[in-house]
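# Report on the structure
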Amino acid sequence: MDPRDLRRTVQDDIRKVLGDPAARGDGLAGAIEALAARHPIEPFRAVLGCAAALDRPEDEAGSLVLAIDRHRSSLEGLMGRDPGFAVAACDLLHEVDRTLREPVFRSGAAATGCGPGVAALPLEEALRREARRAGRSGRPLAVVALSPEGRLDAAADALEAARLGLCDSARDVDFIGSVPPHDFIILLPCTGGRQGLLAAGRFRRSLLAATGAAWCAGVASCAGPAADAVELTRSAREAIRTARRTGAGQALYRQERRAHARSTVGPSLPARLRRDGVESVIVLEDLSLGGALLTVHQRIDPGAEVILALRQGAAPPASVAIPSRVLRVADGPVPGQAPWRAAVAFPADAGLRVAGVLSGIGPGAAGETR
């Protein structure tokens, strides 16, 4: 059977075999040979055709597939992570068939909008390609948006210094694109949100050293078929606004989970958190009928039962105690160190008390939602 005529079920089985991180070496060879028991195919020829669009006789295809697997291991040692079978095939088989793209992991320079491995792709095309690749592989894709916090000299030498600073701290597989007048969008393949946030901190330090100006970063990440280039970029830019509003300098986009609109509160509404008889001062960032977002200086485990105590500015001040359950806790500006950000949920019977607090917030704050 010609590999170009493989049925979708065969292709799906091949992708499952190649996507199994435990299938390496002899294990990979055995898993590929087992495909012939389920489908009327020459297994190694079919795998090579599906993964690299290359048709070779079965014996030659078997040797190439095993050579790709060995090359994959060498790339893993070079990059510090598994690049996957398809990337290893693309990097190795340029010597077998020159119609395949040139190797992308042989240069010491990081990939930029005109760097190795991207062939001077426009940012929009690079976004589409990486989103499609994430959809095929099921791996995550992170987008980092970077923007200066204040005024930046837009001279060509300043922007070039910024770009070179990013190149020094990016991986070979990352794509760095510039957005006029002086913003940057960086694509991080096979990178989740937490890892993207760590990378954003590294990029901000590089830009600060290169330009002398502080930068804000927004990160958005999605995995598999749900990865959408336009939506990820929009979410990363929205995270920049969150980073500026909170003063953290960088933020990870989180999809809205509450059914009720959030009202931005900030330090204007004094708040404390009670747990196991101990009370601590916190910052109430936003509030809704269903929950709240807090900045805390002592980490709390998700699932903990706490009391959110609020004091409204009446005369005398009115105190409201709202039972709450911690849903999730995330790092603040410095991973693993205080302060942390905690999201809490309210029980249904606390709705009237929360509504009373929301009604007492000034109309300007109450109308600002996110």
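Okay, so let's go over this structure. (Residues numbered from 1 in each chain as written. Predicted model: local features only at pLDDT ≥ 70, side-chain atom pairs only at ≥ 80, totals over all residues. Heavy atoms only, no water.)

### Remarks on the overall build of the chain
The helix and strand tally for the chain stands at 11 helices and 12 strands. When the 370 residues of the chain are sorted by exposure, 46% land in the buried category. Summed over all atoms, the accessible surface of the chain reaches about 18,200 Å², with 54% contributed by carbon and sulfur. (Helix = DSSP H or I, 4+ residues; strand = E, 2+ residues; numbered from the N terminus. Buried < 20%, exposed > 50% of the residue type's maximum accessible area, 1.4 Å probe, protein only. Areas by Shrake-Rupley, 256 points an atom, 1.4 Å probe, with all protein chains shown as cover.)

### Brief notes about the pattern of salt bridges
All told, the structure shown has 21 salt bridges when counted by the stated rule. A salt bridge links R24 to D82; the nearest nitrogen and oxygen atoms lie 3.8 Å apart. With a gap of 58 residues between them, R24 in the loop between α1 (8–19) and α2 (26–38) and D82 in the loop between α4 (58–79) and α5 (85–92) connect regions that are remote in the sequence. Residue classification places D82 among the buried residues on the basis of a relative accessible area of 15%. R133 is paired through a salt bridge with E130; the nearest N and O atoms lie 2.8 Å apart. Here E130 and R133 lie together in helix α6 (residues 123–137), a separation of 3 residues that amounts to about one turn. Taking the relative accessible area as the measure of exposure, R133 reaches 26% and is therefore partly exposed. Counted as one network, the salt bridges with shared partners bring together R24, D69, R72 and D82. (Salt bridge = Lys/Arg side-chain N within 4 Å of Asp/Glu carboxyl O.)

### Re unusual backbone geometry
A cis geometry characterises the amide bond from A338 onward to P339, with omega recorded as 0 degrees. Structurally, the position occupied by P339 is in the loop between β11 (318–331) and β12 (340–345). Positive phi outside glycine occurs at C190, with the angle close to 55 degrees. On the secondary structure map, C190 appears in the loop between β3 (183–189) and α8 (193–211). According to the relative accessible area criterion, C190 is partly exposed, its value standing at 30%. The phi dihedral of D276 is positive, around 55 degrees, even though this residue is not glycine. Along the chain, the position of D276 falls in the loop between β7 (271–275) and β8 (278–287). Taking relative accessible area as the criterion, D276 reaches 71% and is therefore assigned exposed.

### Some words on the packing of aromatic side chains
A complete count under the given rule lists 1 aromatic pair for this structure. With a centroid separation of 6.0 Å and 45 degrees between ring planes, the pair formed by F184 and W215 is classed as tilted. Of the two residues, F184 is situated in strand β3 and W215 in strand β4 (residues 215–223); the sequence distance between them amounts to 31 residues. Using a relative accessible area of 4% as the deciding quantity, one classes F184 as buried. Taking relative accessible area as the criterion, W215 reaches 1% and is therefore assigned buried. Across from the ring centre of F203, 5.3 Å away, lies the NZ or CZ of R202, which sits over that ring. (Phe/Tyr/Trp six-rings, centres within 6.5 Å; stacked < 30°, edge-to-face > 60°. Lys NZ or Arg CZ within 6 Å of the ring centre and 35° of its normal.)

### Side note on the environment of A292
Relative to the elements of secondary structure, A292 occurs in strand β9 (residues 291–296). Given a relative accessible area of 0%, A292 falls into the buried group. As a C-alpha pair, A292 and V344 span 52 residues in sequence and 5.4 Å in three-dimensional space.

### Some words on α8
Counted at 1.5 Å a residue, the expected span for α8 with its 19 residues is 27 Å, and the 26 Å between its end C-alpha atoms agrees. Once α8 ends, the next one or two residues include G212, with phi positive near 80 degrees. (Expected span 1.5 Å × (residues − 1).)

### Here's the deal with the side chain of R72
Turning to its location among the elements, R72 is positioned in helix α4. Overall, the relative accessible area of 1% leaves R72 in the buried class. What R72 contacts, discounting residues up to four positions off in sequence, is L18, A23, R24, D82, P83, G84, F85 and A88. (Contact = heavy atoms within 4.5 Å.)

### A look at the packing of α1 against α2
The interhelical angle for the contact between α1 and α2, taken along N-to-C directions, is 165 degrees, at an axis separation of 10 Å. Relative to α2, the element α1 lies roughly antiparallel. Taken as a pair, α1 and α2 cross one another with a handedness that is right-handed. Facing α1, whose interface residues are D13, I14, V17 and L18, α2 presents L28, A31, I32, L35 and R38. (Axes fitted to C-alpha atoms, helices over the stretch in contact; angles between N-to-C directions. Parallel < 35°, antiparallel > 145°, perpendicular 65-115°, else oblique. Left-handed = near helix turned anticlockwise from the far one by under 90°.)

### Things to note about the sheet that holds strand β5 (residues 250–252)
With mixed pairing, 5 strands are arranged side by side in an open sheet as β2-β3-β1-β4-β5. Each edge of the open sheet carries a strand with a single partner, namely β2 (175–179) and β5. Averaged over neighbouring strand pairs, the angle between their axes works out to 15 degrees when direction is ignored. Taken together, the 3 bridges between β4 and β5 define a ladder with parallel strand orientation. (Pairing = 2+ DSSP bridges.)

### What about the pairing of β2?
Buried residues dominate β2, accounting for 4 of its 5 residues. Bridging between β2 and β3 involves 5 bridges; their strand directions are antiparallel. Paired with I176 across the bridge in β3 is I186. Counting the residues that bridge the hairpin from β2 to β3 gives 3 residues.

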